[in-house]
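One-letter residues, chain by chain:
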Amino acid sequence: MPEGTRTGNDWINSYLEAILDVGPGLVDDAKSSLLLRERGHFSPTRYFVEEVITGFDETDLHRSWVRAAATRSPQERNTRLENLCWRIWNLARQKKQLEEKEAQRMTKRRLERERGRREATADMSEDLSEGEKGDVVTDVSTHGDSVRGRLPRINSVDAMETFISQQKGKKLYIVLISLHGLIRGENMELGRDSDTGGQVKYVVELARALGSMPGVYRVDLLTRQVSSPDVDWSYGEPTEMLTPLSAEGFEEETGESSGSYIIRIPFGPKDQYIPKENLWPHIPEFVDGALNHVIQMSKVLGEQVGGGKPIWPVAIHGHYADAGDSAALLSGALNVPMLFTGHSLGRDKLEQLLKQGRQSRDEINATYKIMRRIEAEELSLDASEIVITSTRQEIDEQWRLYDGFDPILERKIRARIRRNVSCYGRFMPRMVVIPPGMEFHHIVPLDGDMDGETDTSEDHHPTPADPPIWTEIMRFFTNPRKPMILALARPDPKKNITTLVKAFGECRPLRELANLTLIMGNRDGIDDMSSTSASVLLSVLKLIDKHDLYGQVAYPKHHKQSDVPEIYRLAAKTKGVFINPAFIEPFGLTLIEAAAYGLPIVATKNGGPVDIVQVLDNGLLVDPHDQQSIADALLKLVADKHLWARCRQNGLKNIHLYSWPAHCKTYLSRIASCKARHPQWQRSDDGAESSESDSPSDSLRDIQDLSLNLKFSMDGEKSGISVNESSLESEGSIDRKNKIESAVLAWSKGISRDTRKAGFSEKADHNSSGKFPVLRRRKHLIVICVDCDTISDLIDTTKKIFEATEKERTEESIGYILSTSLTITEIRSFLVSGGLGPNDFDAFICNSGSDLYYPSINSDDRPFVVDFYYHSHIEYRWGGEGLRKTLVRWATSINDKKGGSEEQNVTASEQLSTDYCYAFKVQKPAMVPPVKELRKVLRIQALRCHVIYCQNGTRLNVIPVAASRSQALRYLYLRWGVDLSKMVVVAGECGDTDYEGLLGGLHKSVVLKGVGSNAISQLHTNRNYPLSDVLATDSPNIVQTTEGCGSDDIRGALEKLEVVKN
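Residues numbered from 1 in each chain as written. Predicted model: local features only at pLDDT ≥ 70, side-chain atom pairs only at ≥ 80, totals over all residues. Heavy atoms only, no water.

**Let's talk about the nonpolar core**
Argument step 1. Core analysis: the largest hydrophobic core is formed by 124 residues, its most contacted members being Ile 177, Phe 286, Leu 334, Trp 399, Leu 883 and Leu 972.
Argument step 2. Ignoring anything within four residues of it in the chain, the contact list for Leu 883 reads Tyr 424, Trp 878, Tyr 918, Leu 938, Leu 943, Cys 945 and Val 958. (Core = buried A, V, L, I, M, F, W, Y, C linked by side-chain atoms within 4.5 Å. Buried < 20%, exposed > 50% of the residue type's maximum accessible area, 1.4 Å probe, protein only. Contact = heavy atoms within 4.5 Å.)

Written as structure tokens, this is what we have:
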């Protein structure tokens, strides 16, 4: 509150009294003060309570001030202005509080990161020599590659020819993912809504450009299929082929499936176009649909150009957080490398919104689902091989905000990798700066100017042959032949247009030499604009009036997207300059566009323009806060014709560095640096695997395949054998080899007897009925994912499910999979206690999804067979011993916080742990940090994994980042062709902390109401985001039973899902 206001206390006290006196019912009567004003009885206190306290919104401050200033009544005007002061004071107070909280949070974050870095460095104890710490020239540092240093070499003619020769013979398959917005190849509706913007154009052009590169056979851009009456029918087409770019002489073998395609996957509400914030519950459904497409396409490409062997994607590239989350799941399911581009990042947006003080963190999350978005970006860091950015600013100022990326630790890890020294399970994605590409082949820079080099007309006005937008702009100018200073930006305070107008208006020499053109979007009337945009535009108009700039500044109301090239041409024709004076510019695509048309540039020194000016060498950088600096730079370029010509020539000479071929060349080179990964059972000596054929040869191939990497297990615990040592020869056990050969012989005998039989026999022998595993022959699979309080509750629930499907169980049309956090030893005890046998189930997903077993033939001797191929499938970025040591250290720190208590709350359990699951027992779940805190600790130390509290919080399982119970189901589809839509997941109303991954997807779900105690639900109270943000509870694939359901209720739910018949 301003000091020195004598009468301030009187009206302040009256307002405070009004807050106490006016009842809560006033809030609901929004029109009361309006009615009072209309009757001539205006109450300042009542107005204050209604309009300020209950309807606080500082975004409308400017409009409130305009209304207050226009009020005729002095009393009401003064009251409005006083209220406005209150609002400003309240906003300032909120921002101060936020700044204090932010400072505390940043201090805490800095200390956490320093501690994590120290611990990680201590584990990686070997010292680095000075030469291994990286240098500017040769080291690929955490800040990305030096664009200036690398791009000229990459894009020289010789290097490109070498690249083309290296690519010959390759048949690469690349998958891009961009989910939100409306995506099509032609006539893109950019700006239709906030989801259909520059990212849409970027991904379409990237897909088109990659499809034209040598060595790339097919590119699929996966997005959402939208069949809504609110949008054009073209967005509902399943497939759209993108028109190829000019291949610039790259002759590439083509085929039926070659080229670039938009593939639209149906997921979410079928007849609705929904914003990106509402897509999160439907991500698993997209992943399942995309998995089906990629598997089928890999087989088709294999038949066409792969000699019958599937051609798996060389990389899966997610764009934005939602697609990054999808790409992490899809690449994990397929075991192929992942790339990620954030475009804009959630943590950065959250910081900006909090600083504005308009909304609390909870309100921001409710509006933008920002915490789910941030977690998706963290998961993308966990899973990505490479993160592609447009500028170093994105790395330095945005990515370093994330737990999963630390520039200093990244350098240490990268140095150890170069030395071929162990990083103790620590991984960091490589940050690579690859600026967006552009198409320049259609751009022809004008060589003439307005003084007659190409224009022989004596008239100084535009001719009828000129583009209409030229006429629209030049009508503003008294002398249209003066050089044009062009700014192209929406009227947003961040774009700093008002400072540009001030700089122009207050520099007399600049005004005499040049005109100023402001292309500030499209508008009909100022009153129809948002308050922020209207405020900027009004400020510009006032500055024009203040400095009497009429005849020197153009600000047309309308322009088309197709007019933009003509606007650049006009500025170049007048020997003008393009300027981007934004306070911060993440990249600056308009600067590249302007350079392509021969315009020198003046740009902000904050953000991406630094890289652009360094590479193109065609302009000057300025401090956007320094008005004089802006004027001096513009005047220098406009007045010095030699400097102008040199900048123009440099821009045209170097612009190819931002072409799509250059972008794609760097892009493909980065992909080539990734370690190739693909489903491991696709071996050169195995022949193609068919999931659908029932021929004896296919079945025998499966048996040969199984004999290579399935191990009979009695207890299923730690085998002590790494994935690389999992073949029969490396085991060195003749006895075990003989047992497996005997099992294979038994299966082959069963196949020879049964492969000619069609359908299901009522009393078929489970162990000799065709292919192994038997789950491939089921019409439906019921996946029991119920996380019960006790083993007896799980037995009871399982028997109810068996009873509900007794008929189908007898016919063997329905099979069962047990998916749980239990170890295989505990599962065996569960089976014994419940009077069940291993062969009552087709598969066992154990240890929260880190182990997969099948029932064996010799169930008495060795009841389970472990799938080692699944281990090789999920081992990506598994931290191993380094992770275990960190977890033990964390557990010790938790126990130390209890003080002098002898009882340890968190203890490592060797008995419950396996090679791919580190288990800890928890005595008091309420005393341990939530999942998000432990996940944060591990990410800060570059350890990538999933953390799951289970068994009512009494157990902690830490498993590979590529593993989960839901990912295990996708593995069964990939490995054995088990249709995901034929699976039915039965879960409780709540469950372990991996519960959210169980219900979404193509599979159907039955939720047993009442199953899941308060103890389980407490595990979810400290989540980063509420479960409601990610669960599609209104999906037709999810059916909920009544409370205390019995077998009849379960069968009724299955009938609703059309799994069983009445």
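**What about the side chain of His 1003?**
Argument step 1. Examined against the element boundaries, His 1003 turns out to sit in the loop between helix 36 (996-999) and strand 26 (1004-1008).
Argument step 2. Polar side-chain contacts of His 1003 include one of 2.8 Å to the backbone oxygen of Leu 998.
Argument step 3. The contacts of His 1003, once residues within four sequence positions are left out, are Asp 288, Leu 980, Ser 981, Met 983, Val 985, Leu 998 and Asn 1037. (Helix = DSSP H or I, 4+ residues; strand = E, 2+ residues; numbered from the N terminus. Polar contact = N/O pair within 3.5 Å; in protein donor to acceptor, adjacent residues only side chain to side chain.)

**Let's talk about helix 10 (residues 320-334)**
Argument step 1. Taking 1.5 Å per residue as the helical rise, helix 10 with its 15 residues ought to reach 21 Å, and the 20 Å between its terminal C-alpha atoms agrees with that figure.
Argument step 2. Extensive coverage of helix 10 is indicated by the burial of 15 of its 15 residues.
Argument step 3. The first or second residue beyond helix 10 is Asn 335, which carries a positive phi of 60°. (Expected span 1.5 Å × (residues − 1).)

**What to know about the confidence of the model for the protein**
Argument step 1. Of the residues in the protein, 75% have a pLDDT of 70 or more, and the chain-wide mean is 80.
Argument step 2. Below a pLDDT of 50 lies the segment residues 49-59, which in the model reaches 30 contacts outside its immediate sequence neighbourhood of four places, other chains included.
Argument step 3. Ignoring residues within four places in sequence, the model shows residues 247-251, a span with pLDDT below 50, making six contacts including any to other chains. (pLDDT = per-residue confidence, 0-100.)

**A closer look at the packing of aromatic side chains**
Argument step 1. Under the defined criterion, the tally for this structure stands at 16 aromatic pairs.
Argument step 2. An angle of 90° between the planes, with centres 5.3 Å apart, marks the rings of Phe 844 and Phe 864 as edge-to-face. Within this pair, whereas Phe 844 is found in strand 18 (residues 843-846), its partner Phe 864 is found in strand 20 (residues 864-867), the two being separated by 20 residues in sequence.
Argument step 3. For Phe 844, a relative accessible area of 0% translates into the label buried.
Argument step 4. For Phe 864, a relative accessible area of 1% gives the class buried.
Argument step 5. Members of the aromatic cluster, each reached through a chain of ring pairs, are Phe 802, Tyr 816, Phe 841, Phe 844, Tyr 853 and Phe 864.
Argument step 6. We note Arg 224 situated over the ring of Phe 267; from NZ or CZ to the ring centre the distance is 5.7 Å.
Argument step 7. The residue whose ring lies beneath Arg 809 is Phe 802, and the NZ or CZ to ring-centre distance is 4.2 Å. (Phe/Tyr/Trp six-rings, centres within 6.5 Å; stacked < 30°, edge-to-face > 60°. Lys NZ or Arg CZ within 6 Å of the ring centre and 35° of its normal.)

**Describing the pattern of salt bridges**
Argument step 1. For the structure on display, the rule yields 44 salt bridges.
Argument step 2. A salt bridge links Glu 114 to Arg 110; the nearest nitrogen and oxygen atoms lie 3.5 Å apart. Here Glu 114 pairs with Arg 110, and both are found in helix 5 (residues 74-123), just four residues apart, close to one helical turn.
Argument step 3. Salt bridges sharing partners connect three or more residues here, namely Glu 375, Asp 382, Arg 935, Arg 939 and Arg 944. (Salt bridge = Lys/Arg side-chain N within 4 Å of Asp/Glu carboxyl O.)

**Concerning the sheet that holds strand 11 (residues 553-554)**
Backbone-to-backbone hydrogen bonds pair the strands of a sheet. The strands run either parallel or antiparallel.
Argument step 1. Strand order in this open sheet of six strands is 11-10-9-12-13-14, and the pairing throughout is parallel. Two strands in the sheet have a free side with no partner beyond their single neighbour: strand 11 and strand 14 (619-622).
Argument step 2. Against the sheet, helix 21 (residues 589-596) engages strand 12 (577-580) and strand 13 (601-604), with an angle of about 175° to strand 12. (Pairing = 2+ DSSP bridges. Axes fitted to C-alpha atoms, helices over the stretch in contact; angles between N-to-C directions.)

**Thoughts on the environment of Leu 635**
Argument step 1. Position of Leu 635 relative to the elements: it lies in helix 23 (residues 627-639).
Argument step 2. Apart from the residues within four sequence positions on either side, Leu 635 is in contact with Cys 507, Pro 509, Leu 510, Leu 513 and Asp 640.

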